[in-house]
Amino acid sequence: MNKINRFFWFCAGVHQASLKNHVTEENKYVGIGATIFFTGLFAALSGGYAIYFIFKGATLDWLFAILFGAIWGLAIFNMDRYIVSSISKNNTVWKQVLQALPRILLAVMIGIVISRPLELKIFDKEIKEKLKVTYLNGQRAKIDTLNNIFANKYHMELNKLGELKSQRDSMENYIKSARTNLNHEIFGNKTTETSGQMGYGTYAKMKQGQLLVRESELKTLDSVIRSQEAFINERKVKEGLLDQKLYSNDQLDSLTNLAGFKDRNWALGQLSQNPDGSKDENTARAIAFIALLFIFFECLPVFVKLMSNMGPYDKRIAQMEDVEIYESGRDTDLGKEVVEDIYEAKKTTAVEKRKRQLRADL
């Protein structure tokens, strides 16, 4: 327990020899030191997670994440430790606030930076679903664009194919109707288009001949249509249109797993919007709340120091500083007096030497 206390005292930047003389102050600075330590720890985790997404898929991506996370966490830890230890409780409240104001402003920016990667992790499932929809819509839009370009480029051939198919449909309907009439003619069913005489007579033979001609024309038309379709399919292959397909579920999973920080950050921003473009207040408030939570947590070391009362340890440190300042000033005065005495001695020696030279010259 003593080792843990000493570690948190170190985190708080206290003079441990002086703090041990004031037992009532020990727990307060354990709390301040623990706050500074965990702030740095969260900064390390967030920074490492952000770098992991940047280098995801690269060799030793985990090593880059660990190194950057450690450096970022230590930087935040050292800055918090310095700022908190430099706030003097012997100053007025406003002066303490002015001392802490730059750190608070910086904490807001740092809180936003470190909260974003953790927000990405918290909303990871929703972000992946959003990216899947986005990638699928993007692929669909790409295919639609290629189809439109192809349709504009080969509009004459496509129109001709459409006309041929329309003719084939009309001809197939006519042949179907002609076969029905032929059956009616053979079986003697009286209609507006049949004679009503049973048997394979003159009218039946005539209708069958017409039917055979139409069927022959249909075969020729089918051959022309197949030739036209083969040409269009060949053009589609050369244009690369047939190579474009909608992503499968496995492909979408792979794409979302490889998505970088930029895509995930964009998707997180889109979560606060409904499909119709209106704002999703619940999701927006949740994201904002997480950001504010980390901003507050980043400011917490400074707030803890500002809210703490001035205790005997703070007075002891102030007295030690006054003594050291006074001692430094006295050392300066002493140094000046020594320099003056040395200068006077050098001057006296120089004068005596010059007098001896003048006597010798005379």
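Note that the structure is predicted; figures quoted are calculated from it, not measured. (Residues numbered from 1 in each chain as written. Predicted model: local features only at pLDDT ≥ 70, side-chain atom pairs only at ≥ 80, totals over all residues. Heavy atoms only, no water.)

Visitor: So what about the pattern of salt bridges? Which residues, and what values?
Guide: Applying the stated criterion across every chain, the model contains 10 salt bridges. Measuring nitrogen to oxygen at the nearest pair gives 4.0 Å for the salt bridge that ties Glu-281 to Arg-285. With a gap of 4 residues between them, Glu-281 and Arg-285 both fall in helix α11 (residues 281-307), about one helical turn apart. Note on Glu-281: relative accessible area 41%, which makes it partly exposed. (Salt bridge = Lys/Arg side-chain N within 4 Å of Asp/Glu carboxyl O. Helix = DSSP H or I, 4+ residues; strand = E, 2+ residues; numbered from the N terminus. Buried < 20%, exposed > 50% of the residue type's maximum accessible area, 1.4 Å probe, protein only.)

Visitor: Lay out the packing of helix α1 (residues 2-12) against helix α4 (residues 61-86) with the relevant residues and their values.
Guide: At a minimum axis separation of 8 Å, α1 and α4 run at an interaxial angle of 80 degrees. Here α1 lies roughly perpendicular to α4, going by the angle between them. Contact with α1, carried on its side by Phe-10, Cys-11 and Ala-12, involves Phe-77, Arg-81 and Ser-85 of α4 and no other residues of that element. (Axes fitted to C-alpha atoms, helices over the stretch in contact; angles between N-to-C directions. Parallel < 35°, antiparallel > 145°, perpendicular 65-115°, else oblique. Contact = heavy atoms within 4.5 Å.)

Visitor: Break down the side chain of Gln-139 for me, with residues and values.
Guide: With respect to the element layout, Gln-139 can be found in helix α6 (residues 124-153). In contact with Gln-139, not counting residues within four places along its chain, are Gln-244, Lys-245, Leu-246 and Tyr-247.

Visitor: For the side chain of Thr-39, give the residues involved together with the corresponding values.
Guide: If you trace the backbone, Thr-39 turns up in helix α3 (residues 26-54). Taking the relative accessible area as the measure of exposure, Thr-39 reaches 0% and is therefore buried. In contact with Thr-39, not counting residues within four places along its chain, are Ile-76, Asp-80, Phe-297, Glu-298 and Pro-301.

Visitor: Lay out the packing of aromatic side chains with the relevant residues and their values.
Guide: Evaluation of the coordinates by the stated rule reveals 8 aromatic pairs. Where Phe-7 meets Phe-8, the ring centres are 5.6 Å apart and the plane angle is 55 degrees; that geometry is what we call tilted. With a relative accessible area of 36%, Phe-7 lands in the partly exposed category. Note on Phe-68 and Trp-72: the rings are 6.3 Å apart at their centroids and 10 degrees apart in plane angle, and the pair reads as stacked. Residue Phe-68 and its partner Trp-72 are located together in helix α4, separated by 4 residues, close to a single helical turn. With relative accessibility at 35%, the residue Phe-68 sits in the partly exposed group. (Phe/Tyr/Trp six-rings, centres within 6.5 Å; stacked < 30°, edge-to-face > 60°.)

Visitor: How would you explain a nonpolar patch on the surface if you had to name every residue and give the values?
Guide: Judged by side-chain polarity, Ile-54, Phe-55, Leu-60, Trp-62, Leu-63, Phe-64, Ile-66 and Leu-67 come together as a nonpolar surface patch covering roughly 760 Å² of accessible area. If you tally residues by element for the nonpolar patch, the top one is α4, at 5 residues. Mapped onto the fold, Phe-55 is located in the loop between α3 and α4. Given a relative accessible area of 30%, Phe-55 falls into the partly exposed group. (Patch = residues over 30% accessible without salt bridge, like charges linked within 9 Å, V, L, I, M, F, W, Y side chains within 5 Å. Areas by Shrake-Rupley, 256 points an atom, 1.4 Å probe, with all protein chains shown as cover.)

Visitor: How would you summarise the environment of Gly-138 if you had to cite specific residues and measurements?
Guide: By the secondary structure assignment, Gly-138 is in helix α6. Since its relative accessible area comes to 39%, Gly-138 is described here as partly exposed. Expressed as a C-alpha distance, the spacing of Gly-138 and Leu-246, which sit 108 residues apart in the sequence, is 9.5 Å.

Visitor: Explain the confidence of the model for the protein residue by residue, including any values.
Guide: Of all residues in the protein, 93% have pLDDT values of 70 or greater, and the mean over the chain is 80. Of all secondary-structure elements in the protein, the lowest mean pLDDT belongs to helix α2 (residues 16-19), at 75, while α6 reaches the highest, 86. (pLDDT = per-residue confidence, 0-100.)

Visitor: Give a detailed account of the nonpolar core, specifying residues and quantitative values.
Guide: Side chains that are nonpolar tend, in soluble globular proteins, to be buried together. Counting residues in hydrophobic clusters, the biggest one holds 18 residues, and the most contacted among them are Phe-123, Ile-127, Leu-131 and Leu-268. The element best represented in this core is helix α5 (residues 93-122), accounting for 4 residues. If sequence neighbours within four positions are ignored, Ile-127 has contacts with Leu-120, Arg-264, Ala-267, Leu-268 and Leu-271. (Core = buried A, V, L, I, M, F, W, Y, C linked by side-chain atoms within 4.5 Å.)

Visitor: An account of α6 is requested, with residue identities and associated values reported.
Guide: In an α-helix, one full turn covers 3.6 residues, which means residues spaced three or four apart are oriented alike. Given a rise of 1.5 Å per residue, 30 residues ought to cover 44 Å, and the 43 Å separating the end C-alpha atoms of α6 matches this to within 8%. Every buried residue of α6 is listed here: Asp-124, Ile-127, Leu-131, Tyr-135, Gln-139, Ile-143 and Phe-150. (Expected span 1.5 Å × (residues − 1).)

Visitor: I'd like a rundown of a negative patch on the surface, residues and numbers included.
Guide: The grouping of Glu-321, Asp-322, Glu-324, Glu-327 and Asp-331 at the surface amounts to a negative patch. You can see Asp-322 is positioned in helix α12 (residues 312-361). (Lys, Arg positive; Asp, Glu negative; His and termini not counted. Charge placed at Lys NZ, Arg CZ, Asp CG, Glu CD.)

Visitor: Would you mind going over helix α10 (residues 261-270) in detail, with residue names and values included?
Guide: Residues of α10 that are buried include every one of Arg-264, Ala-267 and Leu-268, and no others. Along α10, the residues classed as buried sweep out an arc of 105 degrees about the axis, all on the same side. For α10, the elements touching its buried residues are α3, α5, α6, α9 (249-258) and α11. (Arc of directions from axis to C-beta.)

Visitor: Report on the state of the cysteines, specifying residues and quantitative values.
Guide: The full count for this structure, using the stated rule, is 0 disulfides. Unpaired in terms of disulfides, Cys-299 finds its nearest cysteine sulfur in Cys-11, a separation of 19 Å. A relative accessible area of 4% places Cys-299 in the buried class. (Disulfide = S-S within 2.5 Å.)

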